[in-house]
Amino acid sequence: MKTNNIINHSIALGICALTLAIAPLTACGQNSIGINYAGRQWAWGGNTPMNLNFTDSAGVVPQINWNNVGLDGGSPQGLPQVTGPNAGAISDNSGAATSVTMTYTLDGEWAVDQTIYTGNQQLLDGFIDNDGSTPLTVTLGNIPFSLYDVYVYVSGNANGNLGSVSVNGGSPIYFLTDTGGYNYANPLIQATATSTGSAAGGQYVLFTDVTGSSLQVVESAISNENGLAAIQIVDVPEPSVMALAPLCGLALLGARFRRKV
């Protein structure tokens, strides 16, 4: 009987040890891909693209190694305009190049007149300009995540311009440009309106639990100009093995009960 109790207790401890050993592997952080469309304001600041340093942390889900995309030339454009961290390739938040593909259209490029050049301020500073004639379209392929959230960051050269964002042909979310005095809110404001009449100021639109290896983002200017500043794709990991923690507790309790018996 004593031997059986020892065995039962050892099994319970083994379950707990395995749970604790595997848990850090699933809770060490989310993988993500961030793309910064680094426009520039020709009337202010000259010909300097609004790039993020690769060590700058930005985004609703903070990450480094944002892909800076130069917007020179006409439409359509794609990977050749990526200037880093790996020129000509889309990198993930670790800085490693991926096989993600990208094409996009644009009417032009612009930037907000502000004096802070790091973090979210810089992320939302430059943008693909949309003058309202044609929706802006970004198409991404070979996305390495099976389930992910998409953050679309919007900007503009004035407050209160109405626009919308949709992904993969779904229903649009409406927003009013809100440059927040060019300093931006902390945290950033999410736009959630499903009709033009309820649109409010915001700096990003969120689409959750997106699936598929390809993604199409469409941004439309409804009244006056606005723009698409960045796209962030955040991996939604499998449920953590910490969900096994209750089993660990039950195993220990069961072993203790059997030992008393």
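This structure is a prediction, so every number in the text was calculated from the model and none was measured.

## Here's the deal with the overall build of the protein
- A tally of helices and strands in the protein yields three helices and 15 strands.
- The long-range fraction of contacts in the protein, counting pairs at least 24 apart against all pairs at least 6 apart in sequence, stands at 71%.
- Carbon together with sulfur atoms contributes 57% to the accessible area of the protein, which is approximately 12000 Å² in total.

## Some words on the environment of Ala87
- Secondary-structure assignment places Ala87 in the loop between strand S4 (82-84) and strand S5 (101-104).
- The exposure class of Ala87 is exposed, given its relative accessible area of 64%.

## So, the packing of aromatic side chains
- One pass over the full model with this rule turns up four aromatic pairs.
- For the pair Trp66 and Tyr153, a centre-to-centre distance of 6.2 Å together with 75° between the ring planes defines the contact as edge-to-face. Pair noted here: Trp66 is in the loop between strand S1 (32-37) and strand S2 (67-69) and Tyr153 is in strand S9 (residues 147-155), with a separation of 87 residues, a long-range link.
- The class of Trp66 is buried, set by a relative accessible area of 0%.
- An aromatic cluster is present here, built from Trp66, Tyr151, Tyr153 and Tyr204 joined pairwise through their rings.

## Side note on the pairing of strand S14 (residues 215-223)
- Relative to S14, strand S8 (residues 136-141) runs antiparallel, the two being bridged by five bridges. Of the residues in S14, the one forming a bridge with Leu140 is Leu215.
- Pairing geometry for strand S10 (residues 162-167) and S14, over six bridges, is antiparallel. Bridge pairing in S14 links Leu162 to Ser223.

## Describing the nonpolar core
- By size, the foremost hydrophobic cluster in this structure holds 33 residues, and its most contacted members are Tyr37, Met102, Val138, Leu140, Phe207, Leu215 and Val217.
- A total of four residues in this core trace back to one element, the largest contributor, which is S9.
- Membership of the second largest hydrophobic core comes to 15 residues, among which are Phe127, Tyr151, Tyr153 and Leu188.

## Digging into the sheet that holds strand S11 (residues 173-177)
- Taken in spatial order, the seven strands line up as S3-S5-S8-S14-S10-S11-S12 in an open sheet, and their pairing is mixed. The sheet terminates laterally at strand S3 (77-78) and strand S12 (201-202), the two strands that pair on one side only.

## Thoughts on the environment of Ser213
- Assignment of secondary structure puts Ser213 in the loop between strand S13 (204-211) and S14.
- As for Ser213 and Pro144, which are separated by 69 residues in sequence, their C-alpha atoms are 6.7 Å apart.
- Apart from the residues within four sequence positions on either side, Ser213 is in contact with Leu140, Gly141, Asn142 and Ile143.

## Observations concerning the confidence of the model for the protein
- Per-residue pLDDT for the protein averages 79, and the proportion of residues at 70 or more is 70%.
- Confidence scores differ between elements of the protein, with helix H1 (residues 2-26) showing the lowest mean pLDDT of 45 and S13 the highest of 97.
- Below pLDDT 50 for its whole length, residues 15-28 participates in 13 contacts with residues either more than four positions away or in separate chains.
- Taken together, the stretch residues 255-261 has pLDDT below 50 and engages in seven contacts with residues farther than four places along the chain or on a different chain.

Reading the values: rules and limits
- Residues numbered from 1 in each chain as written.
- Predicted model: local features only at pLDDT ≥ 70, side-chain atom pairs only at ≥ 80, totals over all residues.
- Heavy atoms only, no water.
- Helix = DSSP H or I, 4+ residues; strand = E, 2+ residues; numbered from the N terminus.
- Contact = heavy atoms within 4.5 Å.
- Areas by Shrake-Rupley, 256 points an atom, 1.4 Å probe, with all protein chains shown as cover.
- Buried < 20%, exposed > 50% of the residue type's maximum accessible area, 1.4 Å probe, protein only.
- Phe/Tyr/Trp six-rings, centres within 6.5 Å; stacked < 30°, edge-to-face > 60°.
- Pairing = 2+ DSSP bridges.
- Core = buried A, V, L, I, M, F, W, Y, C linked by side-chain atoms within 4.5 Å.
- pLDDT = per-residue confidence, 0-100.

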